[in-house]
Amino acid sequence: MLQTGVIDTYTPYSVIGGKPALEEMAQLPQADLPFDINDIHIEINDRGCAIEVPLDENEQLYGFGLQFGSFTQRGLRKQPIVNDNSLKDLGYSHAPETFYVSTKGYGIIVNTARYTTFLCGSNKKLQQAEQLAGTGSSKVATSTEELYQNRENSDKVYIDVPGAKGIEIMVLTGPSLQDVVKRYNLLSGGGCLPPMWGLGFKYRVKGDASQEDVLQYARYFRENNIPCDILGLEPGWQTATYSCSYVWNKERFPDHKAMIDQLKKEGFKVNLWEHAYIHPSSPIRAAMTPYSGDFLVWNGLVPDFLMPEAREIFTNYHRGLIEEGISGFKLDECDNSNIGTGSATWCFPDMTQFPSGIDGEQMHQMYGSLYINTVDDIYRDMNLRTYHNYRGSGLFMSYMGGVLYSDMYKHKDYIQALCTQAFGGLLWCPEVREASSEVDFFHRLQTVLLSPMAMVNAWYLRYAPWLQFDYDKNGEGIFLPEAKQYEDYTRTLINMRMQLVPYLYNAFYAYRSEGTPPFRPLVMDYPEDERVMGIDNQYMIGEGLMAAPLSDNENTRIVYFPEGTWYNFYTNEKYEGNNEYEINTPFDQLPLYVKEGTLLPLAEPVPAINEETTFKLHCKVYGTSNATCQLFEDDGVTYDFEKGKYNLVTLTAANGKVDLSRDGDYNLNRYEIADCEFIK
Ligand code: GAL
């Protein structure tokens, strides 16, 4: 850690972080920095803080939180600022971070909530330019792209933190890039372990759905044997929505308690949409007024979650909702977006003053994380894990059970974010809404089922998007003949997700205990392979699976296989590593590949997961006769595992069969072996 000058009262680490998993960090290999730490220069001047970090010719950089647009960051100028839209790849994002990692095996965190600019080798200072004099070209550009393309290649990352009177820089070591990321996740408290049901399927109903509509969706899933664990209610459950009252709307939901109880009986969890701008009619408005910023959003108060009083008012009220059976929230609009398209804004401005003394700029950068932590603390106090949706977060949030989502909807960007999420301890959900064709729909569905949260967000759709329909002359939806077929494909795909739940749960346990991102780009697993450095549309899931989603309307895609032998999950076709193949994936299959040597446990799908669920495992062993696989076994819903209440289950393949053994004395048998198959 480097420190100079007067550090801001509120920094991401002091406010959001500060719970490092020290024991686990001690298990990581030790490594030296590839440069002398004294070569990081910090200057405090009238403008703020100017930082210089060495940059080697051959290194590549990644990070800045969840990014849509560019995967590798070298040569770019990035401003990681919270916004609901990435606009022109400037660094704006729902979850930006002032943190980058390098292929040389180190990471740089600038611990500030001020709007910061990183020049990632994109700009040169005068002395450097003089050393390189004469490299100018005599070629005359004939297009603006050519004219303004970046021709610089500087040996420094320059970091500009305007307004700061001092700064803290955390330098993380590897040795490998994956080790840096693990260290970061453990520094943030260890990755999150969602409740087991959180890994099932989630469906969010239309915004104006009534109590009866919600119950009808529930019946639809159960009667049609389509697994579903969570139903999400969108704005219409409240009496006021933009801003929010947090009060059940009696007209649409005459007896919400009866509805929640009924859904519980049918095995559903209920998730509620809201945001943190408090409507004049809300029961907490008056109490919150002294603890809010001096600007309104949608006429709603902006609570200052740095004030213990504000947190208490908010949590006391929300505890009531949770005690009625709400198992998680969708914490929307907390990206407080102030860089809009056009002049419309729905945010508190940077000049906002908050009672805690923080200014609007720094509050903007941390607002999502503060809000999520406030709500999540209620669950932690109740010893319940949950898996929220939220639209804004940032540094040091690895431990938080929840996923980011977006209104942006480019499928290619959504796939890329499944790669960029991993550099900053984030989890991203490439949610499915409408689609331009059945090809587009199934490709999107395949992607989301191979992501941290398997969610269809039908917040403006009357029918589930797989039920293809047209409108009659009265504006009523009529189902097309292919609707049945598409429903069958959908069921098959969601069942496949359910088969993966025990495997995924263990990948999340590795996230929690070792910091290993459960979904991560190939560059983290194959750092020696230069060909994977820029691959932003394929990713590892756990230790043995690789996903290569198809996007848009393409029927086939090129898949790159790193070293080793790989198998097509469905056909068992083999692919030799260090090669590319063109592969077609039908609508009812997932674009999934298995690494040789993997023992893959596949659960018999269940309609929903609860504490009693036992998983019958069909074990597939790829290209070997001896393999092992670990599964994490606990109650799946509480934090008791932190007190040792869990078992580590080992599946061992040998002598043509798979055996199960348990390490731990927690009295639970969640996994049973049904059968096994050895694939040559
Ligand atoms: C958006 C959010 C959508 C949906 C909508 C409801 O901001 O991203 O997923 O919840 O609000 O108004």
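The present account deals with the structure reproduced in this document.

### Topic: the overall build of the protein
For step 1, the next point in the chain: A count of helical and extended segments in the protein gives 14 helices and 33 strands.
For step 2, the next point in the chain: Computed over C-alpha atoms, the radius of gyration of the protein comes to 25 Å, within 12% of the 26 Å expected from 2.2 N^0.38 for 680 residues, which places it in the range of a compact globule.
For step 3, the next point in the chain: Judged by the C-alpha coordinates and their principal axes, the protein covers about 70 × 65 × 60 Å.
For step 4, the next point in the chain: Expressed as a percentage of the 680 residues in the protein, the buried residues total 61%.

### Describing the pattern of salt bridges
For step 1, the next point in the chain: This model, assessed by the stated rule, comprises 30 salt bridges.
For step 2, the next point in the chain: We note a salt bridge from R47 to D160, for which the minimum N-O separation is 2.7 Å. In this pair, R47 sits in the loop between β2 (41-44) and β3 (48-54) while D160 sits in strand β9 (residues 156-162), placing the two residues 113 residues apart along the sequence.
For step 3, the next point in the chain: Across the pair R662 and E633 runs a salt bridge whose closest N-O atoms are separated by 2.7 Å. Taken together, the residues span a long stretch of sequence, with R662 in strand β32 (residues 657-663) and E633 in strand β30 (residues 627-633) at a distance of 29 residues.
For step 4, the next point in the chain: Classification of E633 by relative accessible area gives buried; the value is 0%.

### Quick look at the site of the ligand
For step 1, the next point in the chain: Around the ligand sit E234, P235, Y242, W273, K330, D332, E333, R391, Y405, D407, N457 and W459, and those are all the residues in its vicinity.
For step 2, the next point in the chain: Between the ligand and Y242, the relevant distance is 2.9 Å, taken from an oxygen atom to a side-chain nitrogen or oxygen of the residue.
For step 3, the next point in the chain: For the ligand, an oxygen atom lies 2.9 Å from a polar atom in the side chain of N457.
For step 4, the next point in the chain: Relative to its free-state accessible area of 310 Å², the ligand is covered by the protein chains to the extent of 94%.
For step 5, the next point in the chain: Counted by class, the shell around the ligand contains 5 nonpolar, 1 polar and 6 charged residues.

### A word on the nonpolar core
One broad trend across soluble globular proteins is that nonpolar side chains are buried collectively.
For step 1, the next point in the chain: Grouped together as the largest cluster of nonpolar side chains are 191 residues, with contacts concentrated most on F201, Y203, F221, L233, W248, W466 and I541.
For step 2, the next point in the chain: Excluding residues within four positions of it along the chain, F221 makes contact with F201, Y203, I226, P227, C228, L231, F268 and W466.

### Quick look at the sheet that holds strand β13 (residues 269-274)
For step 1, the next point in the chain: Strand order in the open sheet formed by 7 strands is β16-β15-β14-β13-β12-β11-β17, with parallel pairing between adjacent strands. Strands with a single pairing partner mark the edges of an open sheet, and in this sheet they are β16 (402-404) and β17 (454-457). Strand after strand, the sheet turns through a mean of 20° between neighbouring axes, direction not considered.
For step 2, the next point in the chain: As paired strands, strand β12 (residues 230-233) and β13 are joined by 4 bridges and run parallel to one another.

Criteria and cut-off values
- Residues numbered from 1 in each chain as written.
- Predicted model: local features only at pLDDT ≥ 70, side-chain atom pairs only at ≥ 80, totals over all residues.
- Heavy atoms only, no water.
- Helix = DSSP H or I, 4+ residues; strand = E, 2+ residues; numbered from the N terminus.
- Rg over C-alpha atoms; globule rule 2.2 N^0.38 Å.
- Buried < 20%, exposed > 50% of the residue type's maximum accessible area, 1.4 Å probe, protein only.
- Salt bridge = Lys/Arg side-chain N within 4 Å of Asp/Glu carboxyl O.
- Near = heavy atom within 4 Å.
- Polar contact = N/O pair within 3.5 Å; in protein donor to acceptor, adjacent residues only side chain to side chain.
- Areas by Shrake-Rupley, 256 points an atom, 1.4 Å probe, with all protein chains shown as cover.
- Nonpolar A, V, L, I, M, F, W, Y, C, P; charged D, E, K, R; others polar.
- Core = buried A, V, L, I, M, F, W, Y, C linked by side-chain atoms within 4.5 Å.
- Contact = heavy atoms within 4.5 Å.
- Pairing = 2+ DSSP bridges.
- Axes fitted to C-alpha atoms, helices over the stretch in contact; angles between N-to-C directions.

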